[in-house]
Amino acid sequence: MTAKVLSRAALDEADNPSTASTSTDNAVTLDTAVPTAPPAPMLASTSDSGTSGDGITNDAMPTFTGTAEDGTVVRLYDGTEEIGSAVATDGTYTITVTGLSEGTHQIKARATDAAGNRSPASPPTTVTIDRTGPLVSITSFTASGRRLDLQGTGGHQPGDDTTVTIVICAGTGPSGQTPPTFPCANPADTFQRGVPADGTWAASRQLAANTYYFARAEQTDTAGNVVASHIAGPVHTAG
Ligand SMILES: [Ca+2]
Ligand SMILES: [Ca+2]
Ligand SMILES: [Ca+2]
């Protein structure tokens, strides 16, 4: 609704007792309409690392987008804590939030109009911050004749890939005992091993004779964390 009001001076005689005005310049709109609750904020696809669309990300400062009444100030909350704000322009907003701790968060939006009316909270969006990569390692790397035997560990936490990828490369340098840069251009072998519940894996490979080899294992998770083990080796196959 619209109402004509007296100037602030007329309303506050202690400050300005003699300058009351009834000018129509002081017409203001009294906005008592509370904004409707915005829809749930959406995690921006660019902030949803690893598998897209699952709300699991290793980005601790993700960006959210959404819609709200034009011109309102949209605030995002993690529980009761405000984590970012922006003005809705053309009815949309983009907010990059302050750091979120690892774990699951329920993010809600509220919109506040120029008159200070605050909307109810939006439905929540669930986002999981996962910055912990799988625990992958090579624990044993030996040669017997031309056979290489490997043992290692892999992560078995929720979201960890169920396989590790093992890459074996020949050594470099005159003696062949210098470790290559991984991943090497022409791996001697690349293969995968499943990670059972006990978190260990083992493999045997038959490769070329009289060669120094190095190995590295790698594992990812749904958040897109990629962990590479140390480079194991050299081991030398028999001539
Ligand atoms: Ca309003
Ligand atoms: Ca994701
Ligand atoms: Ca993880």
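For clarity, every value in this text was computed on a predicted model and none was experimentally measured.

A. A look at the nonpolar core. Of all hydrophobic cores here, the largest spans 18 residues; its most connected members are Ile-138, Leu-150, Val-164, Ile-166, Ile-168, Tyr-213 and Ala-215. Secondary structure elements with two or more residues in this core: strand 11 (137-144), strand 12 (147-153), strand 13 (163-170) and strand 16 (212-220). With sequence-adjacent residues up to four places away left out, Ala-215 is seen in contact with Ile-138, Phe-141, Leu-150, Ile-166, Val-167, Ile-168, Ala-232 and Gly-233. Ranked by size, the runner-up nonpolar core spans 16 residues in total, among them Leu-100, Ile-107, Val-127 and Ile-129.

B. Seen up close, the sheet that holds strand 11. The three strands lie next to each other as 11-12-15, forming an open sheet whose pairing is antiparallel. A single partner strand is all that each edge strand has here, and the edge strands are strand 11 and strand 15 (200-206). Put simply, the sheet's adjacent strands are angled 15° from each other on average, direction ignored.

C. How the structure looks around the pairing of strand 10 (residues 125-129). Sheet analysis places strand 4 (residues 56-57) next to strand 10, joined by two bridges and oriented parallel. Following the sheet pairing, Ile-56 is matched in strand 10 by Thr-128.

D. Structural detail: the confidence of the model for the protein. Across the protein, the average pLDDT comes to 91, with 89% of residues at 70 or higher. Long-range and interchain partners of residues 1-23, a stretch whose pLDDT sits below 50, account for 23 contacts in this model, where long-range means more than four residues apart.

E. Structural context of the sheet that holds strand 8 (residues 92-96). The strand order across the open sheet built from three strands is 3-5-8, with neighbouring strands paired in antiparallel fashion. In this open sheet, the two edge strands, each paired with only one partner strand, are strand 3 (42-43) and strand 8. Pairing between strand 3 and strand 5 (residues 63-67): two bridges, direction antiparallel. Note that in strand 5 the partner of Met-42 across the bridge is Thr-65.

F. Quick look at unusual backbone geometry. The step from Phe-182 to Pro-183 runs through a cis peptide bond, and the omega angle for that step is -10°. Secondary-structure assignment places Pro-183 in the loop between strand 13 and strand 14 (189-194). A cis amide bond links Gly-233 to the next residue, Pro-234, at an omega of 5°. In this structure, Asp-90 is a non-glycine residue whose phi angle is positive, near 50°.

Scoring rules and cut-offs
- Residues numbered from 1 in each chain as written.
- Chains lettered and ligands numbered in written order.
- Predicted model: local features only at pLDDT ≥ 70, side-chain atom pairs only at ≥ 80, totals over all residues.
- Core = buried A, V, L, I, M, F, W, Y, C linked by C-beta atoms within 7 Å.
- Buried ≥ 20, exposed ≤ 12 C-beta atoms within 10 Å, placed from the backbone.
- Helix = DSSP H or I, 4+ residues; strand = E, 2+ residues; numbered from the N terminus.
- Contact = placed C-beta atoms within 7 Å.
- Pairing = 2+ DSSP bridges.
- Axes fitted to C-alpha atoms, helices over the stretch in contact; angles between N-to-C directions.
- pLDDT = per-residue confidence, 0-100.

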